[in-house]
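If you want the building blocks of each chain, they are given just below.
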Amino acid sequence: WEKLVRVMRMPRERTYIMVKPDGVQRGLVGEIIKRFEQRGFKLVAMKMKAASPELLQQHYADLSSKPFFPGLIAYVGSGPVVCMVWEGTDVVKTGRKMLGETKPLESNPGTIRGDYCIDVGRNIIHGSDSVDSANKEINLWFTPEEICEWRSMEEPWVYEKA
Ligand code: GDP
Ligand code: MG
């Protein structure tokens, strides 16, 4: 029984989604939240933050050797970002699909980048690319106390199996 209860309480997958400073400046925060909410995903953490260069260097550590790295750190540090954790079945992969491609011009209309931006250096949103990086990013941007465990009354209407 105890094991069953533990399994039942296990949260669904989580991803780290961040509206970059251009998305904030262009008034796209609500639109982005709306898309994840309406898909049926559950918001479990959110805050606005002016990210330090050190934090951004950690967040983008994998890209540190790229020529665009200094510009990337300056861009994402140029104003406040909106940091979020979204929860739901397969939310990492589905979130990436909702974002579109890294290059907005290669993103299909209907995706966030395909609808709201043009330039790879101003692509308005970040989303984790794997469950592993999602967990790392969530730990980097949020403390455990900032994550809200809550039961959505929508759940039985979104999922066949609660
Ligand atoms: P993402 O996971 O789709 O965001 O893409 P990456 O992890 O490959 O890159 C992180 C971010 O770096 C992108 O979202 C862009 O903002 C930026 N970036 C990636 N490639 C380029 C590039 O070729 N030029 C510039 N200026 N920025 C880039
Ligand atoms: Mg990435």
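Keep in mind it's a predicted model, so treat the numbers as computed, not measured.

Quick notes on the rules
Residues numbered from 1 in each chain as written. Chains lettered and ligands numbered in written order. Predicted model: local features only at pLDDT ≥ 70, side-chain atom pairs only at ≥ 80, totals over all residues. Heavy atoms only, no water. Helix = DSSP H or I, 4+ residues; strand = E, 2+ residues; numbered from the N terminus. Rg over C-alpha atoms; globule rule 2.2 N^0.38 Å. Contact = heavy atoms within 4.5 Å. Areas by Shrake-Rupley, 256 points an atom, 1.4 Å probe, with all protein chains shown as cover. Pairing = 2+ DSSP bridges. Axes fitted to C-alpha atoms, helices over the stretch in contact; angles between N-to-C directions. Buried < 20%, exposed > 50% of the residue type's maximum accessible area, 1.4 Å probe, protein only. Arc of directions from axis to C-beta. pLDDT = per-residue confidence, 0-100. Salt bridge = Lys/Arg side-chain N within 4 Å of Asp/Glu carboxyl O.

Student: So what about the overall build of the protein chain? Which residues, and what values?
Tutor: For the protein chain, the count of helices and strands is nine helices and four strands. Along the protein chain, helices and strands appear, N-terminal first, in the series α-β-α-α-β-α-α-β-α-α-β-α-α. Over its C-alpha trace the protein chain gives a radius of gyration of 16 Å, about what one expects of a compact globule, namely 15 Å for 162 residues. By principal-axis analysis of the C-alpha atoms, the protein chain measures approximately 55 × 35 × 25 Å. The long-range share in the protein chain, meaning contacts at least 24 apart out of those at least 6 apart in sequence, stands at 77%. For the protein chain, the accessible area works out to roughly 9,900 Å², and carbon and sulfur atoms hold 54% of it.

Student: Go over the sheet that holds strand β4 (residues 125-127) with me, naming the residues and quoting the values.
Tutor: As summarised here, the arrangement of the four strands in space is β2-β3-β1-β4, forming an open sheet in which the pairing is antiparallel. Edge positions in the sheet fall to β2 (42-49) and β4, since each of these pairs with one other strand and no more. Each strand axis lies, on average, 15 degrees off the axis of its neighbour in the sheet, ignoring direction. When strand β1 (residues 14-19) meets β4, the two strands line up antiparallel, connected through three bridges.

Student: If you had to explain helix α5 (residues 69-76) to someone new, which residues and values would you point to?
Tutor: Taken together, the buried positions of α5 are occupied by Phe69, Leu72, Ile73, Tyr75 and Val76. For α5, the buried positions fall inside an angular range of 160 degrees around the axis, keeping them on one side. In this structure, the buried side of α5 is in contact with β1, α2 (21-25), α4 (53-59) and β3 (81-87).

Student: Got a sec to walk through the confidence of the model for the protein chain? Specific residues and values, please.
Tutor: Put simply, the protein chain has an average pLDDT of 96, and 94% of its residues get 70 or more. Two numbers describe this predicted complex: its pTM, 0.95, and its ipTM, 0.98.

Student: I'd like a rundown of the pattern of salt bridges, residues and numbers included.
Tutor: Enumeration over the complete set of coordinates arrives at ten salt bridges. With a closest N to O distance of 3.2 Å, Glu146 and Lys47 form a salt bridge. Placement of Glu146 in the loop between α8 (131-141) and α9 (155-158) and of Lys47 in strand β2 is noted, with a sequence separation of 99 residues between them. Salt-bridge contacts for Lys136 lead to Asp132; the nearest nitrogen and oxygen are separated by 3.4 Å. Here Asp132 and Lys136 lie together in helix α8, a separation of four residues that amounts to about one turn. The exposure class of Lys136 is exposed, given its relative accessible area of 57%. Sharing partners across several salt bridges, the network here consists of Arg14, Lys42, Glu87 and Glu149.

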